Amino acid sequence: MVGHSPSILVVDGLSETTAVLKAVFEPRGHSVNRVRQSQLPSSTLTPPKVVIWHTNESESAPLAGRFQGIPRIFIGRADCPASEGETQRFSQPFEYRELLRTIESLLAK
C-alpha cells in the first residue's frame, strides 16, 4: 500500500463497521483506521479523506469541527454541525450498501 493513500477514519461505532470498510476499501488502496473519540490525536500529519463519526443522543460531536473541509458521515441521532455539502447523515440502523456508496462518492471527489 502506498504511504500517501487516501484514508477513512472511523470514530467510535461498531468494530463490524470497520471490518466491512476494511474488506471493501483496503484492497482498493485506501487505509481504514478506527479510534475512540476520547483517543483522537490532537493533530494528524495526514488528514483522512473521509471521517465516519458514530454518535448518539447523549453526546454531541464537539471535536468534529476539527475535521472542517473533510467530508464527514455521521451515523446516529446527535445534532452535528452542518457544513457546505460535506456532511452526510445516517440513522441507525443503516444499510451498509448505502454507506459504501456514499463513501465511494466522497472518495471520488
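Residues numbered from 1 in each chain as written. Predicted model: local features only at pLDDT ≥ 70, side-chain atom pairs only at ≥ 80, totals over all residues. Heavy atoms only, no water.

Undergrad: Help me understand the environment of Val51, please; the structure alone is not making it clear to me.
TA: In this fold, Val51 is placed in strand β3 (residues 50–54). Overall, Val51 belongs to the buried group, its relative accessible area being 0%. Along the chain, Val51 and Ile8 lie 43 residues apart, while their C-alpha atoms are 5.9 Å from each other. Sequence-distant contacts of Val51, that is, excluding residues within four places in its chain, are made with Leu9, Val11, Phe67, Ile70, Pro71, Arg72 and Ile73. (Helix = DSSP H or I, 4+ residues; strand = E, 2+ residues; numbered from the N terminus. Buried < 20%, exposed > 50% of the residue type's maximum accessible area, 1.4 Å probe, protein only. Contact = heavy atoms within 4.5 Å.)

Undergrad: Help me understand the pairing of strand β2 (residues 31–35), please; the structure alone is not making it clear to me.
TA: For a regular strand, side chains alternate in direction, first toward one face of the sheet and then toward the other. The pairing of strand β1 (residues 7–11) with β2 spans five bridges and is classified as parallel. Across the sheet, the residue bridging to Val10 is Arg34, located in β2. The handedness of the β1 to β2 crossover, carried by helix α1 (residues 15–25), is right-handed. (Pairing = 2+ DSSP bridges. Right-handed = clockwise from strand over helix to strand, strands pointing away.)

Undergrad: Could you clarify how one ought to interpret the confidence of the model for the protein chain in this entry?
TA: If pLDDT is low for a region, its predicted coordinates should not be looked at in detail. Averaged over the protein chain, the pLDDT score is 79; the fraction of residues at 70 or greater is 72%. Across the protein chain, element-level confidence peaks in α1 with a mean pLDDT of 94 and bottoms out in strand β5 (residues 87–90) with 84. (pLDDT = per-residue confidence, 0-100.)

Undergrad: I keep staring at the pairing of β3 and nothing clicks. Help me out?
TA: Burial within β3 is extensive, with five of its five residues counted as buried. The two faces of β3 match: Val50, Ile52 and His54 on one face and Val51 and Trp53 on the other face are all buried. Sheet topology places β1 next to β3; four bridges connect them, and they run parallel. Residue pairing for β3: Ile8 is matched across the bridge by Val50.

Undergrad: Before we go on, may I ask you to explain the packing of aromatic side chains in this structure?
TA: How two aromatic rings sit relative to each other is given by the distance of their centres and the angle of their planes. Summed over all chains, the structure comprises three aromatic pairs. Measuring from ring centre to ring centre gives 5.1 Å for Phe94 and Tyr96, while their planes differ by 70 degrees; the resulting arrangement is edge-to-face. In this structure Phe94 comes out as buried when scored by relative accessible area, which is 18%. Overall, the relative accessible area of 28% leaves Tyr96 in the partly exposed class. An aromatic cluster is defined as three or more aromatic residues linked by ring pairs; in this entry it consists of Phe90, Phe94 and Tyr96. (Phe/Tyr/Trp six-rings, centres within 6.5 Å; stacked < 30°, edge-to-face > 60°.)

Undergrad: Explain the pattern of salt bridges to me, please; I cannot follow it from the model alone.
TA: Side chains that differ in charge, positive against negative, can pair when their charged atoms come close. One pass over the full model with this rule turns up two salt bridges. With a shortest N-O distance of 3.6 Å, Lys22 and Glu26 are connected by a salt bridge. For Lys22, a relative accessible area of 33% translates into the label partly exposed. Where Arg28 meets Glu104, a salt bridge forms, and the shortest distance between an N and an O atom there is 2.7 Å. Remark: Glu104 occurs in helix α2 (residues 96–108) and Arg28 occurs in the loop between α1 and β2; sequence separation between them is 76 residues. (Salt bridge = Lys/Arg side-chain N within 4 Å of Asp/Glu carboxyl O.)

Undergrad: Teacher, can you tell me more about the side chain of Thr102 here?
TA: For Thr102, the location among the structural elements is in helix α2. Residue classification places Thr102 among the buried residues on the basis of a relative accessible area of 14%. At 2.9 Å, the side chain of Thr102 and the backbone oxygen of Glu98 are in polar contact. Sequence-distant contacts of Thr102, defined by excluding residues within four places in its chain, comprise Ile73, Gln88 and Phe90. (Polar contact = N/O pair within 3.5 Å; in protein donor to acceptor, adjacent residues only side chain to side chain.)

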